[in-house]
There are 2 protein chains.
Amino acid sequence: MAMRRRLTSEPCAVVIFGASGDLTSRKLVPALHNLQAEGLMPKETAIVGTSRTKFTDKQFGSRLRKTVTEHSRIKPTDASWSTFGRDVYYVPGDATGDELYQDLKAKLETIDEERGTRGNRVWYMSTLPQFFSTIAQNIGKAGLCDTGGWQRLVVEKPFGSDLESARELNASLNAYFPEKQVFRIDHYLGKETVQNLLVFRFANAIFEPIWNRRYINQVQITVAETLGVEERTEFYEQTGALRDVAQNHLLQLLALVAMEPPVAWDADAIRDQKVQVLKAVRRWTPSEIGGVVSRGQYDGYERVPGVHSHSSTETFVAIKALIDNWRWAGVPFYLRTGKRLPSATTEIAIEFQRVPHLLFAKTAVEELEPNVLIIRIQPDEGISMTFGTKVPGPEVNVRTVDMEFDYETGFGSGTPEAYERLLLDCMLGDATLFARSDEIEQAWEIVDPIQRHWGQGGRPGPYRRGSWGPPSADDLVRGDGRRWREPSR
Amino acid sequence: MAMRRRLTSEPCAVVIFGASGDLTSRKLVPALHNLQAEGLMPKETAIVGTSRTKFTDKQFGSRLRKTVTEHSRIKPTDASWSTFGRDVYYVPGDATGDELYQDLKAKLETIDEERGTRGNRVWYMSTLPQFFSTIAQNIGKAGLCDTGGWQRLVVEKPFGSDLESARELNASLNAYFPEKQVFRIDHYLGKETVQNLLVFRFANAIFEPIWNRRYINQVQITVAETLGVEERTEFYEQTGALRDVAQNHLLQLLALVAMEPPVAWDADAIRDQKVQVLKAVRRWTPSEIGGVVSRGQYDGYERVPGVHSHSSTETFVAIKALIDNWRWAGVPFYLRTGKRLPSATTEIAIEFQRVPHLLFAKTAVEELEPNVLIIRIQPDEGISMTFGTKVPGPEVNVRTVDMEFDYETGFGSGTPEAYERLLLDCMLGDATLFARSDEIEQAWEIVDPIQRHWGQGGRPGPYRRGSWGPPSADDLVRGDGRRWREPSR
């Protein structure tokens, strides 16, 4: 069963701001290379890098070849690069000044003429977030959108640092780029399992009837990293786990698990429902926050070069979220994310209610594990369901076993990377997997009270590197008579 | 989670009528041997064979050693046989006469005295069915039950050949053996997956809410053999697939799938609910039978030595069963069994409803496969669930994949055989997995009208060996807009 769609975009120029940066080398250009290698991008497509570093087209090209060789799942050959290398251009300059935009305009007009990119543009903001607004305004003011072709502006997170700044950013992007032209990337949404979550829920009739408060006891969403802050200290010190991960990835995953069925598989139908869920997430009051949010910092964080010596930046956060609607009233969604945790795992665990009555022995209801559906997002994308089964033998022993579906076993390796999917979607004009301004603002409404509360004092609880966060994280679930699940792998 | 129970029975003598027969060699004695090898039978236990063939204890013993070596999953060694061999006795004689019972009485009294079997008896009818009643009466009349110990009578199917004869048989068995002492073996019920069916349904909270007409579209139960009649022609000619398999195995499996939750895991609670389901199975009227029952005979059956040249015995039967109760109203249970089918497979396929609304493309609801839960009983006991998942890639393609749980992978091999479980249960006095007289009678009430209708004329439809039965089997489901599932392995 397929939703067929045109898979090749119209020709366009992809203009990357921050082209000398890490994201460009590691993700964007490899993704564009692979899309071209797989014939998903028309041959007219041009890639135009810009940053303050001075490169010629050729220098930029050979730099990219190196990074593609290093980071791409499909390695370039001399033959393949003879095509892709010719699609690469570079315009050096200062994105906060005017001159760059004149240079870009000239270059892009030439490209339109020579390659037939028809004035279509993807403007990709791969810079520090403080420049998003300026660059978008400069593109607009310089008339670079007045080409007769379509314009799409891709923005990387963070989308602001609180509700107010997010609103300002949205307003400023929307000044020259109407909301339909803004593509806010959360690369988690480009992952296969995340998309599969919707297919799984809405292409299988057996889950929807039990996907509610009556049958689901709790949901735990974990985004765990084993790494520490490493080189991103300047950014991280201003951000912390709450804003870096919880506001976007965790709440996006929550929205996909909890949303009502959309009326159609299209960008606005899906995002409308996600917004409805986010609106229903209870906003905690300052007096409640202590009991429902855990804030942690791993031992030694303060000694990382670049980190303030009494930094109160959290490297771990756990939140109990409640969704006040008919479907979810009373079902806790426990969200947690952190650095220096025991495993690099992202997964959603949906735990069903216990059986109401146990036949086998009156005292054993408590011993029998409830069914858990686990959606593993990384690593080893897959889905598993635990269920109770009889252990062979003359006793009626029930043991919990797993039914497994593993993406790689099921479909082979070579799953496209999130950025490939998202860049292609953007070129095709499909915004389903991108965050809309109202989603972003709702998410900040949820997160802001926590951030504000923390700002008034207190410090994150220390936790041992390689542990699952501070004691307050355990208290948070233990207060509800629950415990955190050990992630499945 | 376990229902602990005492696993070692009290000492007893197991008296096997028909001890020179095939079932004794292939199943009963290997099962007893393995129970002993695994320490599940007290060392006092004695095995007493009887049949018309003249053996000494010793001859019978060495015969058994040969058959155990050949047929048992645990092979006897000199050391193990030095124990088991001493537990084996033999009393030759004619089970329809009086003398045998006097001889048995003497032998059993000696055994009680020497071994301490305390007058406890398992009377195992491994003879032709026409002798069940006579033997039970003879045991009773000769006073062999008046030992002060417990008495259990094990009867192999067929339990009569129609409702009337089943009632007579039950009455005649019950004359000396009250219903609680009668253990009717359907070896299917001793299979792990069959027992697991109940655990699966009632130890997992996610299935019960969708285990009804609202969410289940149809159930297909297949008991397929690749073999033909081979040597059992005399029996088979009088029986046919309807009475040989449908009346017992197929209806037992139906009852386990469809029953309401019992109030407890005990023999009467479970059998009470099975009887309720069988009572609710619609009795077809003669005018309906043509449309809901398919009757087949494989090509060449009539040329099998021992088969009548114009035999109208069916080697295949398919039945559409409807269960007229709140849970199942309108959900067809399609049952089929036959010889010379393409694979030797027993499985239950529970097909859920299609999704009510498909997001992905308006026309594709029909294309998307519904979820199917498959309970494989043999070979490769296991459970699998098909579900729709997203094929990796930029299109929203949904493909049906399997979540698998395989018994052997999950628990290792060496699963005890059905007869081991059932013999142990019998010695323990646990009748949960044995059919009660009212179950048997209900099953005959369902089957009798079909048999009677066939008796009035018509012939089974021929089918090619290695095919899934005659065209009428396909018509039966096609009339409902359905088709038979290909068994999963």
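Nothing here was measured: the structure is a model prediction, and the numbers come from that model. (Residues numbered from 1 in each chain as written. Chains lettered and ligands numbered in written order. Predicted model: local features only at pLDDT ≥ 70, side-chain atom pairs only at ≥ 80, totals over all residues. Heavy atoms only, no water.)

Caption draft 1: Looking closely at the overall build of chain A. Within chain A, the regular secondary structure consists of 14 helices and 16 strands. The globule rule puts the C-alpha radius of gyration for 489 residues at 23 Å, and the 24 Å found for chain A is close to it. Along the first, second and third principal axes, the C-alpha atoms of chain A reach 80 × 55 × 40 Å. Within chain A, residue pairs in contact and separated by at least 24 positions form 77% of the contacts whose partners lie at least 6 positions apart. Just so you have it, chain A exposes about 18900 Å², and 49% of that area is on carbon and sulfur atoms. (Helix = DSSP H or I, 4+ residues; strand = E, 2+ residues; numbered from the N terminus. Rg over C-alpha atoms; globule rule 2.2 N^0.38 Å. Contact = heavy atoms within 4.5 Å. Areas by Shrake-Rupley, 256 points an atom, 1.4 Å probe, with all protein chains shown as cover.)

Caption draft 2: Main features of the relation of the copies chain A and chain B. When chain A is fitted onto chain B, the two copies agree to an RMSD of 0.1 Å after a turn of 180° and an axial shift of 0.0 Å. Seen this way, the second copy is the image of the first under a two-fold rotation axis. For chain A, the smallest separation between a C-alpha atom and the rotation axis is recorded for Met403 of chain A, amounting to 2.7 Å. Mapped onto chain B, 100% of the interface residues of chain A are again interface residues, and the two copies thus contact each other with one and the same surface. (Least-squares fit on C-alpha atoms with pLDDT ≥ 70 in both.)

Caption draft 3: Just helix H2 (residues 57-71) of chain A, in detail. All names here are of chain A. The terminal C-alpha atoms of H2 lie 21 Å apart, and with 15 residues this matches the ideal 21 Å at 1.5 Å per residue to within 8%. Of the residues making up H2, those classed as buried are Phe60, Gly61, Leu64, Thr67 and Val68. Burial along H2 is one-sided: seen end-on, the buried residues are contained in an arc of 130°. Among the exposed residues of H2, those pointing more than 90 degrees away from its buried face are Lys58, Lys66 and Glu70. On the buried face of H2, the contacting elements are helix H1 (22-37), strand S3 (46-51), helix H3 (78-84) and strand S4 (88-92). (Expected span 1.5 Å × (residues − 1). Buried < 20%, exposed > 50% of the residue type's maximum accessible area, 1.4 Å probe, protein only. Arc of directions from axis to C-beta.)

Caption draft 4: Spatial organisation of the sheet that holds strand S5 (residues 121-125) of chain B. Residue and element names in this part refer to chain B. Strands sit in the order S4-S3-S2-S5-S6-S7 across an open sheet of six strands; the sheet is parallel. Two strands bound the open sheet, and with one partner strand each, they are strand S4 (88-92) and strand S7 (182-185). With direction set aside, neighbouring strand axes in the sheet form an average angle of 20°. Of the pairings in the sheet, the one linking strand S2 (residues 13-17) to strand S3 (residues 46-51) comprises five bridges and is parallel in character. Across the sheet, residue Val14 finds its bridge partner in S3, namely Ile47. Running at roughly 150° to strand S6 (residues 151-156), helix H12 (residues 418-428) makes contact with S2, S5, S6 and S7 of the sheet. (Pairing = 2+ DSSP bridges. Axes fitted to C-alpha atoms, helices over the stretch in contact; angles between N-to-C directions.)

Caption draft 5: Expanded view of the domain arrangement of chain A. Residue and element names in this part refer to chain A. As assigned here, chain A comprises domain 1 (13-156) and domain 2 (189-362 + 409-478). Look at where the C-alpha atoms of domain 1 and domain 2 centre, and you get two points 32 Å apart. In this assembly, 17 residues from domain 1 lie in contact with twelve residues from domain 2. Counting the surface lost from both domain 1 and domain 2, the interface buries some 1300 Å², and carbon and sulfur atoms represent 70% of this. (Domains from an automatic or database assignment. Buried area = accessible area lost by both parts, 1.4 Å probe.)

Caption draft 6: Expanded view of the interface of chain A and chain B. Each side of the interface is counted separately: chain A has 66 residues, and chain B has 66 residues. The contact between chain A and chain B buries some 6100 Å² in all, and 68% of this surface belongs to carbon and sulfur atoms. Between chain A and chain B we count two salt bridges in total. Note that Lys390 of chain B is salt-bridged to Glu192 of chain A, the shortest N-O span being 2.6 Å. At the junction of chain A and chain B, the tally comes to 14 residue pairs in polar contact (both at pLDDT 80 or more). Residue assignment for the side of chain A that touches chain B shows that the elements contributing at least two residues are strand S1 (2-3), helix H7 (192-202), strand S14 (382-391), strand S15 (396-406), helix H11 (407-411) and helix H12 (418-428) of chain A. In terms of residues, the side of chain A that touches chain B owes the most to one element, S15 of chain A, which gives nine residues. Considered class by class, the residues forming the side of chain A that touches chain B number 42 nonpolar, 13 polar and eleven charged. (Salt bridge = Lys/Arg side-chain N within 4 Å of Asp/Glu carboxyl O. Polar contact = N/O pair within 3.5 Å; in protein donor to acceptor, adjacent residues only side chain to side chain. Nonpolar A, V, L, I, M, F, W, Y, C, P; charged D, E, K, R; others polar.)

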